[in-house]
Amino acid sequence: MNLLSVSGLGKSMRGKPLFSNITFGLEDGEKVGIVGRNGSGKSTLLKVLASRTAQDEGEYAYNGRVRLSYLEQNVHYQKDATIKSYLFEENSPEAEVMREYEKTKSLEMLERMNKDDLWRIERNYSGLLKEFSVTKDPDTRMDSLSGGEEKKVAIARTLAFDANLLFLDEPTNHLDIRTIEILEKKLQETKSAIIIVTHDRHILNTVANTIFELDSASFYRHKGTFESYLENREERRRMDERERERRENILRRELEWLKRGPKARTGKDKGRKERIENLLEEQKSFSPAKGNETFQSSSRRLGKKILELKGVSKGYGGKKLFSQFSFSFQKGMKIGLVGDNGSGKSTLMDLIAGIVIPDEGEVERGENTHISYFDQKGRRLKENEAILPFMKELGENVRYGGKVYGIERFLELFSFPSSMFFTPIGMLSGGERRRLELIYSIVQNPNMLILDEPTNDLDLETMENLEDYITSFDGVALITSHDRTFLDITVDTLLVIEEGKITQFPGSYSRWKEKRDEEKKSAEVKKDETRSETERPRREAKKGLTFREEREKKELEGKISEIEGEVKELEAYFSSGEYKEIEKKSKEYEEKKALLGNLEERYLELLEKEI
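Let me sum up the structure you'll find in this document. (Residues numbered from 1 in each chain as written. Predicted model: local features only at pLDDT ≥ 70, side-chain atom pairs only at ≥ 80, totals over all residues. Heavy atoms only, no water.)

Here we look at the nonpolar core
For clarity, the threshold we go by: Throughout, nonpolar core names a set of buried Ala, Val, Leu, Ile, Met, Phe, Trp, Tyr and Cys residues whose side chains join them through atoms within 4.5 Å. Buried, partly exposed and exposed residues are distinguished by accessible area as a fraction of the type maximum, computed with a 1.4 Å probe on protein chains only: under 20%, between the cut-offs, and over 50%, respectively. Here, residues are in contact when the closest pair of their heavy atoms is within 4.5 Å.
In this structure, I83, M98, Y125, M142 and V153 are the most contacted members of the largest nonpolar core, which totals 54 residues. When sequence neighbours within four positions are dropped, the list of residues in contact with V153 reads I83, Y86, Y125, L129, V134, M142 and L145. Grouped together as the second largest cluster of nonpolar side chains are 46 residues, L438, L458, I470 and Y509 included.

As structure tokens, then:
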């Protein structure tokens, strides 16, 4: 059954088409991954389908039974929102009832909450927050959370409403790998239909059963896995290349004929010149795509000493992130830095780059060591400055890959055409900003690269180019990334931050995860073997009460006491022999008794859950 039908959808931006003539149907339970270059319109397509922005042409329609939940790429919330109140900001009929109950505390809204069991949404939310290791008080303000914590809370809300259609825009950005693995499993197991925009190839391959590609305003649909899509994409590009070559050969012959002059022409060929002009125009659509040039850098000699950490320690607010860590970087090392959000990965990188000072220990940098630090905050980018003036800080010309380019030509190589030269950096998309800072970092020809979440917001082709660059880079690279595929391709050694300690693991991320899972499984088996049957805990953990259920229980106690008092007053009235309003009082009595029964039933449910 179709949940969503789309016909001829189109959208333009800055006077140019982002996408056009998109037509598809989304089946119940289908899981779609959307891929394409930065700026191709992936996020905009989701916004159009979620009615957050209008399309320029075409139409779409939902099945009447669709319940949509939409995770935007950036987390938005109301001023003064807390983790608890953020749940009620979801755009859904259920959230509307929950907001009204929270606002009025009326018996009518309480009955609706009970009737539709909307308490389950809060239970889901609370449970997901715990799974994602968000342990802060529910009354904590959203604006006090880190980027990773905000994303976890947003994902928990998106999943809590049990929607049968999920729109997810870059859900893995700012998450640690452990949380991504939990999310991936949930997406694999859900029966909901999904449309997901992500650069995480592991999730695309394990979750999606359909791939949508946006490429040069065109739309391609591939039914199958991400791996099979890649094979089909390469075949399509080979066919395009063959067609381009065929047209070039025809055009070359025609242009040679045109150059022969009037004597070689006859009256029968009056239309030939027009056909040549048409071929020239058509050839534009088959020309190789400009931009996305392969990343390169000129070699810069490394000295014997590159960079050495001697007993460094660092902490904030009384919390020690890591202590007494010593390490010597050697030429050719490709190191991945792994740890949960908040474990200290970015802090260690800041420390190595000289942005922060260690609480203890020393950082000794070699005389010939030239570091380029590509951080996830984009601290070098100037929001109000335009692209061209920003890049001209490097000079009018740059040496790149053994050649000298004018800065304008250099920008065009990496998909920044002249029409964008004076666009303020603050107006660029996330992917465009990351690509700009990336080429700014690489063109300085470093011999030590520090890359903090380099894949955030990058499209797949730019990531593949970056992978090629790092693997051929003859200097030292230190990388932290939540992209497991990226880590497996680029690094051969890990530094793992866990519980305030940094340990080295010689191998890929997949090998480390495999070893970690084996050790965890072995520890669990050993624990089970040493535990007697009588000491085994119940397999189904007690869920307890959520923060709202705890409050509801207290409110119910007061309401039950109040209604009981009113019932007793009515019973006393009946015993008094006063019958002036007997019909009205009798009706009121029945209503109070029924309400009291409902309240007591709900109170008992909460008591049983609390035990």
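After that view, the rundown keeps rolling.
A closer look at the pairing of strand β18 (residues 476-480)
Rules: Helix and strand definitions here come from DSSP, where helices need a minimum of 4 consecutive H or I residues and strands a minimum of 2 consecutive E residues; each element is numbered from the N-terminal end. For two strands to be treated as a pair, DSSP must find no fewer than two bridges joining them. Handedness of a crossover is defined as follows: with both strands directed away from the viewer, a clockwise route from the first strand across the helix to the second makes it right-handed.
Judged by how many residues are buried, β18 sits mostly within the fold: 5 of 5 residues are covered. Covered by surrounding structure in β18 are V476, L478 and T480 together with A477 and I479, the residues of both alternating faces. Inspection of the sheet shows strand β12 (residues 334-338) paired to β18 by 3 bridges, in the parallel sense. Counterpart to K334 in the pairing with β18 is A477. In terms of strand pairing, strand β17 (residues 448-452) meets β18 through 5 bridges, oriented parallel. Note that in β18 the partner of M448 across the bridge is V476. The parallel pair β17 and β18 is bridged by helix α15 (residues 460-472), and the resulting crossover is right-handed.

Brief notes about the environment of Y573
Assignment of secondary structure puts Y573 in helix α18 (residues 547-575). Sequence separation of Y573 and K585 is 12 residues, and the distance between their C-alpha atoms is 8.6 Å.

Things to note about a negative patch on the surface
Cut-off, in case you're wondering: Patches were defined on residues exceeding 30% relative accessible area and lacking a salt bridge, with like-charge contacts within 9 Å and nonpolar side-chain contacts (Val, Leu, Ile, Met, Phe, Trp, Tyr) within 5 Å. Accessibility throughout is a Shrake-Rupley quantity obtained with a 1.4 Å probe, and a residue counts as covered only by protein chains that appear here. Throughout this description, the term salt bridge denotes a Lys or Arg side-chain nitrogen within 4 Å of a carboxyl oxygen of Asp or Glu. Two residue types count as positive, namely Lys and Arg, and two as negative, namely Asp and Glu; His and chain ends fall outside the count. Where a charge lies is defined by one atom per residue type: Lys uses NZ, Arg uses CZ, Asp uses CG and Glu uses CD.
Judged by side-chain charge, E96, E100, E108 and E111 come together as a negatively charged surface patch. Only α3 (93-104) and α4 (107-115) provide two or more residues apiece to the negative patch. Along the chain, the position of E111 falls in helix α4.

Some details on the pattern of salt bridges
Scanning the entire structure with this criterion turns up 38 salt bridges. Residues R380 and E437 are paired through a salt bridge, measuring 3.5 Å at the closest nitrogen-oxygen approach. With R380 in the loop between β14 (371-374) and α12 (387-391) and E437 in helix α14 (residues 430-442), this residue pair connects regions lying 57 residues apart in the sequence. Overall, the relative accessible area of 26% leaves R380 in the partly exposed class. Residue class for E437 comes out buried when judged on its relative accessible area of 2%.

Structural notes on the sheet that holds β14
Stated precisely, the cut-off is as follows: To get an axis, fit a line to the C-alpha atoms, keeping to the stretch in contact for a helix; angles then go from 0 to 180 degrees between the N-to-C directions.
Strand order across the open sheet formed by 6 strands is β14-β17-β18-β12-β19-β20, with mixed pairing between neighbours. Among the strands making up the open sheet, the edge pair consists of β14 and β20 (501-505). Within this sheet the neighbouring strands show an average axis-to-axis angle of 15°, counted without direction. Pairing of β12 with strand β19 (residues 493-498), which is carried by 4 bridges, proceeds in the parallel orientation. Within β19, the residue paired with V338 across the bridge is V496. Contacts between helix α11 (residues 345-353) and the sheet are confined to β12, β14, β17, β18, β19 and β20, with β17 contributing the most and set at about 150° to the helix. Of the strands in this sheet, β14 and β17 are in contact with α14, which crosses β14 at around 175°.

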